Amino acid sequence: MARIRVGLLPTASFLVGTMPVPKYADAEKTQFALDRETGEKLKTITLFFMEEDRAEALKITVPENGLPNGLKPGVAVMPVELFATPWARIFNGQLSDGIAYRADRLDLVGGLAPAAEAEAA
């Protein structure tokens, strides 16, 4: 499948929606999904993406070491090396399709969020 680099406008911003959770390689959730090159565990995080007059929730897969300390809902982040991979499959005669998002890492934007600053003090 073709990986497509996601181009973002300078006005693009992302906020953490949910905390990262393990990504699994099987439906029974017994095997963690691993990065094919490094063998590192993968996590999935929901980010709210906002750009100009649109907003949407994106689930993005990130290697465990690409997640910075200080993540919590509402914290501003920026995905680094964000790629989209279209996918489709037929299961029980029904077509399912979508776009899988993957980033090498998330960078915190603008330091700590206000709530995190209060806790750090």
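This text follows the structure it describes.
All of the points below concern the structure found in this document.

The rules behind the values
- Residues numbered from 1 in each chain as written.
- Predicted model: local features only at pLDDT ≥ 70, side-chain atom pairs only at ≥ 80, totals over all residues.
- Heavy atoms only, no water.
- Helix = DSSP H or I, 4+ residues; strand = E, 2+ residues; numbered from the N terminus.
- Polar contact = N/O pair within 3.5 Å; in protein donor to acceptor, adjacent residues only side chain to side chain.
- Core = buried A, V, L, I, M, F, W, Y, C linked by side-chain atoms within 4.5 Å.
- Buried < 20%, exposed > 50% of the residue type's maximum accessible area, 1.4 Å probe, protein only.
- Contact = heavy atoms within 4.5 Å.
- Salt bridge = Lys/Arg side-chain N within 4 Å of Asp/Glu carboxyl O.
- 1 Å grid on protein atoms, 1.4 Å probe; cavity = no way out; pocket = protein on both sides within 12 Å on 5 of 7 lines; lining within 4 Å.
- Points joined across faces, edges and corners; volume = space filled by probe spheres on them.
- Pairing = 2+ DSSP bridges.

Let's talk about the side chain of D26
Alright, step 1. Mapped onto the elements of the fold, D26 is located in the loop between β3 (21-22) and β4 (42-51).
Alright, step 2. Side-chain polar atoms of D26 contact the backbone nitrogen of Q31, separated by 3.1 Å.

Thoughts on the nonpolar core
Generally speaking, soluble globular proteins have nonpolar side chains that are buried together.
Alright, step 1. Core analysis: the largest hydrophobic core is formed by 18 residues, its most contacted members being L47, I60 and V77.
Alright, step 2. At the level of elements, β2 (13-16), β4 and β5 (54-63) are the ones that each hand at least two residues to this core.
Alright, step 3. Excluding residues within four positions of it along the chain, I60 makes contact with K43, T44, I45, L47, P79, L82, Y101, R102 and A103.

Details of the pattern of salt bridges
Alright, step 1. In this structure the tally under the stated criterion is 5 salt bridges.
Alright, step 2. Of the charged contacts, one joins K43 and E64 as a salt bridge, the two residues approaching to 3.5 Å between their closest N and O atoms. In this pair, K43 is assigned in strand β4 and E64 in the loop between β5 and β6 (76-80), connecting sequence segments 21 residues apart.
Alright, step 3. With its nearest N and O atoms 2.8 Å apart, the salt bridge here joins R105 to D107.

Re the layout of surface pockets
Alright, step 1. For the largest pocket, the calculated volume is near 1300 Å³.
Alright, step 2. Residue lining of the largest pocket: 34 residues in total, with K23, L42, T61, A100 and R102 positioned closest to the centre.
Alright, step 3. Those elements that place two or more of their residues in the lining of the largest pocket are β3, β4, β5, β7 (83-91) and β8 (94-102).
Alright, step 4. By residue number, the principal contributor to the lining of the largest pocket is β4, which donates 4 residues.

Some thoughts on the environment of Y101
Alright, step 1. Following the sequence through the fold, Y101 ends up in strand β8.
Alright, step 2. For the pair Y101 and V62, spaced 39 residues apart in sequence, the C-alpha separation works out to 8.9 Å.
Alright, step 3. Once residues within four sequence positions are removed from consideration, Y101 is found in contact with V6, L58, K59, I60, T61, L82, F83 and A84.

Some words on the pairing of β2
Alright, step 1. On β2, burial follows the alternation: F14 and V16 on one face are buried, whereas S13 and L15 on the facing-out side are not.
Alright, step 2. Looking at chain direction, β2 and β4 are connected through 4 bridges and run antiparallel. Each bridged residue has a counterpart across the sheet, and for L15 the counterpart in β4 is F48.
Alright, step 3. As defined by bridge partners, β2 adjoins β6 across 2 bridges and the pair is classed as antiparallel. Within the sheet, the bridge partner assigned to F14 lies in β6 and is V77.

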